[in-house]
Amino acid sequence: MSMLAEAIVAGIDTPEWEARQPAEMLRFRQQAQLLALQLQSQMPALVEGAVAGAAVRGREAADEDLKALPKAPPIPPVTPDRDRKTRAAIYAGQQVLSSVTARIPGAAGELHSQVTTQIIARHSGQTGTRLDAAQQALDILTKRGVTGFKDASGRNWSLASYIEMKSRTIVNQELIDTHTERMLDRGQNLIVVSAHSRPAPQCQPFEGQVLSLDGETGTVIRPNATGGSAVKVKIKATLKQARAAGFQHPNCGHAVSAYVAGASRTFKTEPDPAGYKATQDQRKLERDLRELKRAQALASNPLARKAALAKVRAQQAAIDLHTKQHNLKRRTRRESPNIQTDTKEADVTRYFYDTEFLEDGSTIELISIGIVCEDGREYYAVNESADWQRIRKDDWLMEHVVPHLPFSGADEWKPKTQIRDDVAAFICGPGVDLWADYAAYDHVALAQLFGKMIDLPPNIPMYTNDFQQRRRDLGYLEFPEQSSGVHDALADARHLKACFEAMQPTRR
């Protein structure tokens, strides 16, 4: 959308603007074609990583649940049939996203033609500049978005929302399927549902209740895992029945775990329609903010940009007030107009990192790396395997980077292979969220510790969030100054964490 605005307003008040538009439309469509090709080249690996990661997390969650059993059945190997199902899910996701991105160039050409036609019609015979007419047309486009994507029930979606919805559905389904199958493979057919505040009305009846994975229903007798008398277990429904009633919907926050007779607790909860309404009102405020940010991206003159920024900040203030009034958590990921990942913010662990490197326009070679986890852990290392002869010939590095390094031979100096293993152990668990400042080269330096990007450990994302992009999107312009240690990788990572946390009081 921002590309379209830039293409439309270029030279808009010149006499030849209207005559140039057919050629400009073709040029804009070519830009969209390049964007589509870029997306299509990146998406297969991203989809594979997301779906395969969900499969691993599903099995790991089941295995963790069954540790509570006094005699846990052995962990079986992944069957060829399960592998085939995961590959089929990966292929289905890749096909869906490929078909959507293939429509981007055509949609781009249509959008350009529609906007230019509206500008010409609005400007003809009216007072005001053609730029004013362009802003009016772009405002209409912002409200509508790039639509035309329908789901199985016939609902119309914008491009970004459709991709996000389909991606989340495919990944969540793989997570559920692998968790269920691993439970059954290990002889466990009963699960119990967690509870959380402000549940959706379709999920609340199942909170604290037992569901079956294999169709068993009614009241059953199970041996007591703690050694006492047998336990009578009331099965609320099958998982299939619960899902048909709306349980595990795309935004569901409930978890399921193995039901261990004699050890697991069942309970009932009360509906909370007012609390649930507050969460849905928050989502409405977030949707409206996303629309305002899209309008901000399309603002074509200083006055429009100032007005758009004021609206964004007012909406952010409204969200802040609503979340404080209802004791809700601010979800900044959901406030971004960009496509989101499937990872829930509650499950995210953020790692802030910085690298110093030698680069010559063709290669990037790691010199040092500093990582700070939001849980307080820190890691720092200097690459003793780097080409130090080349580094000593680089005046900028010798002036700005090398003085911050510990003396040669210190414990922080390590072979690149050891740094690789250390980083893999340090960045642990699912839900890893990487952050860097001007992150493009930092991510390359990190990824190349492991070889090619596809060689990254499954839990380490194939991308790094760029703090500067978040700073631009949220409109926060002032952050704590870094008083010392600029170009010291660990000091820079600490400062990045401090800057990120400076947003937190406003975000909550």
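Note that the structure is predicted; figures quoted are calculated from it, not measured.

Calculation rules
- Residues numbered from 1 in each chain as written.
- Predicted model: local features only at pLDDT ≥ 70, side-chain atom pairs only at ≥ 80, totals over all residues.
- Heavy atoms only, no water.
- 1 Å grid on protein atoms, 1.4 Å probe; cavity = no way out; pocket = protein on both sides within 12 Å on 5 of 7 lines; lining within 4 Å.
- Points joined across faces, edges and corners; volume = space filled by probe spheres on them.
- Helix = DSSP H or I, 4+ residues; strand = E, 2+ residues; numbered from the N terminus.
- Nonpolar A, V, L, I, M, F, W, Y, C, P; charged D, E, K, R; others polar.
- Axes fitted to C-alpha atoms, helices over the stretch in contact; angles between N-to-C directions.
- Parallel < 35°, antiparallel > 145°, perpendicular 65-115°, else oblique.
- Left-handed = near helix turned anticlockwise from the far one by under 90°.
- Contact = heavy atoms within 4.5 Å.
- Salt bridge = Lys/Arg side-chain N within 4 Å of Asp/Glu carboxyl O.
- Expected span 1.5 Å × (residues − 1).
- Buried < 20%, exposed > 50% of the residue type's maximum accessible area, 1.4 Å probe, protein only.
- Pairing = 2+ DSSP bridges.

Let us now look at the layout of surface pockets. Approximately 570 Å³ is the volume attributed to the second largest pocket. The wall of the second largest pocket is formed by 28 residues, among which Asp 354, Asp 437, Tyr 438, His 487 and Asp 492 lie closest to the centre. Among the elements of the structure, β8 (349–359), α11 (395–400), α13 (440–447), α14 (467–474) and α15 (489–502) are those that each provide at least two residues to the lining of the second largest pocket. Among the elements that take part in the lining of the second largest pocket, β8 stands out by supplying seven residues, more than any other. The class makeup of the residues in the lining of the second largest pocket is 14 nonpolar, five polar and nine charged.

Before going further, it helps to examine the packing of helix α2 (residues 17–65) against helix α3 (residues 80–101). As a packed pair, α2 and α3 sit with axes 9 Å apart at the nearest point and diverge in direction by 150 degrees. One way to sum up the angle between α2 and α3 is to call them roughly antiparallel. Considering how the two elements wind past one another, α2 and α3 form a crossing that is right-handed. Across the interface between the two elements, Ala 36, Leu 39, Gln 40, Met 43, Pro 44, Val 47, Glu 48, Val 51, Ala 52, Ala 55 and Arg 59 of α2 pack against Arg 82, Thr 86, Ala 89, Ile 90, Gly 93, Gln 94, Leu 97, Ser 98 and Thr 101 of α3. For the contact of α2 with α3, a count of residues per class yields eleven nonpolar, six polar and three charged.

With that settled, the discussion passes to the pattern of salt bridges. Scanning the entire structure with this criterion turns up 23 salt bridges. In this structure, Asp 320 engages Arg 330 in a salt bridge whose closest nitrogen and oxygen atoms are separated by 3.8 Å. Placement of Asp 320 in helix α9 (residues 302–325) and of Arg 330 in the loop between α9 and β8 is noted, with a sequence separation of ten residues between them. Bridged by salt links that share partners, the residues Asp 81, Arg 82, Arg 84, Lys 85, Glu 174 and Glu 181 form one connected network.

What follows is about α9. Taking 1.5 Å of rise per residue, 24 residues should cover 34 Å, and α9 covers 35 Å from first to last C-alpha, within 8% of that figure. Within the sequence span of α9, burial applies to Ala 304, Ala 308, Val 312, Gln 315, Gln 316, Ile 319, Asp 320, His 322 and Thr 323.

This brings us to the environment of Tyr 441. Locating Tyr 441 in the fold gives a position in helix α13. Along the chain, Tyr 441 and Glu 356 lie 85 residues apart, while their C-alpha atoms are 9.4 Å from each other. Discounting chain neighbours no more than four positions away, the residues touching Tyr 441 are Phe 357, Glu 359 and Ile 364.

Of note, Glu 286 is situated in helix α8 (residues 273–297). Sequence-distant contacts of Glu 286, defined by excluding residues within four places in its chain, comprise Ile 319, Arg 331, Arg 334 and Glu 335.

Overall, mixed pairing links the five strands, which are arranged β5-β6-β4-β3-β7 in an open sheet. Edge positions in the open sheet fall to β5 (218–222) and β7 (256–258), since each of these has one partner strand only. Looking at each pair of strands side by side, their axes are set apart by 45 degrees on average, direction ignored. In terms of strand pairing, strand β3 (residues 190–193) meets β7 through three bridges, oriented antiparallel. Across the sheet, Ile 191 pairs through a bridge with Ala 258, a residue of β7.

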